[in-house]
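Residues per chain, in single letters:
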Amino acid sequence: MYFIVIDGVQQGVSFQWEEALILAAQMDFELNSPELNDGIQGTHDVQIMSFEEMMEADDVVMVF
């Protein structure tokens, strides 16, 4: 199980690595690309975290 985390808050879940990678790339492009944000480069932090990493992380908000 893989979690998509944006700016420290869980935004998505995937059971396959490839699907998580695609989802994270899409979210990163939507949030940070100048093409979609009136020419401004975004500064959002998009991460993929495993279940184990999520359980150990203290600074991540997990959404149920």
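This text follows the structure it describes.
Residues numbered from 1 in each chain as written. Predicted model: local features only at pLDDT ≥ 70, side-chain atom pairs only at ≥ 80, totals over all residues. Heavy atoms only, no water.

Here the focus is unusual backbone geometry. Despite not being glycine, Asp7 has its phi angle at roughly 50°, a positive value. Mapped onto the secondary structure, Asp7 falls in the loop between strand 1 (2-6) and strand 2 (9-14). For Asp38, which is not a glycine, the phi torsion comes out positive at approximately 55°. (Helix = DSSP H or I, 4+ residues; strand = E, 2+ residues; numbered from the N terminus.)

Summarising the sheet, strand 1 and strand 2 pair through five bridges and their orientation is antiparallel. Bridging across to strand 2, Ile6 finds its partner in Val9. The hairpin turn running from strand 1 into strand 2, its antiparallel successor, is two residues long, and Asp7 in that turn takes a positive phi close to 50°. (Pairing = 2+ DSSP bridges.)

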